[in-house]
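Structural features, examined
Residue-level listing of the chains:
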Amino acid sequence: MKNKILIFLEKHCGAWLIKLLCATCRVQCENQPKDDAPKIFAFWHCNMVPLAYHHKNENKVALVSASKDGQLIAGPLEALGFQTVRGSSGRNSIFALKSLLKSNKSLALAVDGPKGPAYKCKTGVVYLAQKKKIPIICCKVRCSAAWQLSSWDKLKIPKPFSKISICYHHPIYVGSGESIDKKLEIIEKSLLAE
């Protein structure tokens, strides 16, 4: 019972804090897709807070680690209107992959998660795009002022009244037989570009 109460509080308090902080910020978007067709929104793990706020209540599906730390992320995301699929390369990977392949909604993937290394894209996003025949949209985020945690991902939490800039790059399609390594390179360049 005690654990359930703590999980409930963490879930809703975490979402409330994100909304409270980011509501004071000025969010500026460039090239945000207007249509509702399924896509894979790809981003670095460190930028999940401003993106979670900006895309709240859009019913996207987010992949979250099956670890205990992952619960700290999954709860607030669900309270912000995301569906979550729990899994990673080490735990529940088959279940997570099947769930993402079956979904007809847009996906939100931190492409260097769940354990890093930071700013190094994993192959899963390219595999999913190829199998589902949907585009990858790279989301590059900048905050004019943010707190940065000492965790592996250097998670950024926007400071009140800061400016958040989100740039959505042109769609990246992965055809059958195309080189996964080349697509990974394109994704990394898009997310790291100045």
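So, here is what we can say about the structure in this document. Given the structure is predicted, the values throughout are model-derived calculations rather than measurements.

Under the criterion given, the structure shown has two aromatic pairs. For the ring pair Phe 41 and Tyr 168, a centre distance of 6.3 Å and an interplane angle of 85° mean the geometry is edge-to-face. In this pair, Phe 41 is assigned in strand E2 (residues 40–43) and Tyr 168 in strand E9 (residues 163–168), connecting sequence segments 127 residues apart. Overall, the relative accessible area of 7% leaves Phe 41 in the buried class. Relative accessible area serves as the criterion here: at 1%, Tyr 168 is assigned to the buried category. Here Trp 44 and Tyr 119 contribute two aromatic rings whose centre-to-centre distance is 5.6 Å and whose plane-to-plane angle is 80°, an arrangement assigned as edge-to-face. Here Trp 44, found in the loop between E2 and helix H2 (48–54), pairs with Tyr 119, found in the loop between strand E5 (107–110) and helix H5 (124–132); they are 75 residues apart in sequence, far enough to count as distant. Residue Trp 44 is classed as buried on the basis of its relative accessible area of 3%.

With that settled, consider the sheet that holds E9. The strands that make up a sheet pair up through hydrogen bonds in the backbone, lying either parallel or antiparallel. Strand order across the open sheet formed by seven strands is E1-E9-E6-E2-E5-E3-E4, with mixed pairing between neighbours. Where the open sheet ends on each side, the last strands, each with one partner, are strand E1 (26–30) and strand E4 (83–86). Sheet twist, expressed as the mean angle between neighbouring strand axes with direction ignored, is 25°. In this structure, strand E3 (residues 61–64) lies alongside E5, joined through two bridges in parallel fashion. In the strand pairing of E5, Val 61 is matched with Leu 107. Sitting on the sheet, helix H4 (residues 93–102) is in contact with E3, E4 and E5, with an inclination near 145° to E4.

An α-helical segment advances 3.6 residues per turn. Residues three or four places apart therefore align on the same side. Taken together, the buried positions of H5 are occupied by Val 125, Val 126, Leu 128, Ala 129, Gln 130 and Lys 132. Phi turns positive, to about 55°, at Lys 133, one or two residues after H5.

This next bit is on helix H6 (residues 180–192). When the terminal C-alpha atoms of H6 are compared, their 18 Å separation across 13 residues agrees well with the 18 Å that a helix rising 1.5 Å per residue should span. Sitting at the amino-terminal end of H6 is Ser 179, which places a side-chain oxygen 3.5 Å from the backbone nitrogen of Asp 181.

A separate point is the pattern of salt bridges. In this structure the tally under the stated criterion is six salt bridges. Across the pair Lys 183 and Glu 178 runs a salt bridge whose closest N-O atoms are separated by 3.3 Å. Here Lys 183 falls in the buried class, since its relative accessible area comes to 12%. Residue classification places Glu 178 among the partly exposed positions, given a relative accessible area of 35%. The closest approach of N and O atoms between Lys 189 and Glu 185, which form a salt bridge, is 3.3 Å. Highlighted residues: Lys 189 and Glu 185, both in helix H6, separated by four residues, approximately one helical turn.

As a further point, take the side chain of Ser 162. With respect to the helices and strands, the residue Ser 162 is situated in the loop between strand E8 (156–158) and E9. Residue class for Ser 162 comes out buried when judged on its relative accessible area of 4%. A polar contact of 3.4 Å, which involves the side chain of Ser 162, links it to the backbone oxygen of Ala 145.

Where E3 and E4 come together, four bridges link them in parallel fashion. Residue Ala 62 lies in a different strand from E4, and its bridge partner there is Thr 84. A crossover connection joins E3 to the parallel E4 through helix H3 (residues 68–79); in handedness this β-α-β unit is right-handed.

What counts as what
- Residues numbered from 1 in each chain as written.
- Predicted model: local features only at pLDDT ≥ 70, side-chain atom pairs only at ≥ 80, totals over all residues.
- Heavy atoms only, no water.
- Phe/Tyr/Trp six-rings, centres within 6.5 Å; stacked < 30°, edge-to-face > 60°.
- Helix = DSSP H or I, 4+ residues; strand = E, 2+ residues; numbered from the N terminus.
- Buried < 20%, exposed > 50% of the residue type's maximum accessible area, 1.4 Å probe, protein only.
- Pairing = 2+ DSSP bridges.
- Axes fitted to C-alpha atoms, helices over the stretch in contact; angles between N-to-C directions.
- Contact = heavy atoms within 4.5 Å.
- Expected span 1.5 Å × (residues − 1).
- Polar contact = N/O pair within 3.5 Å; in protein donor to acceptor, adjacent residues only side chain to side chain.
- Salt bridge = Lys/Arg side-chain N within 4 Å of Asp/Glu carboxyl O.
- Right-handed = clockwise from strand over helix to strand, strands pointing away.

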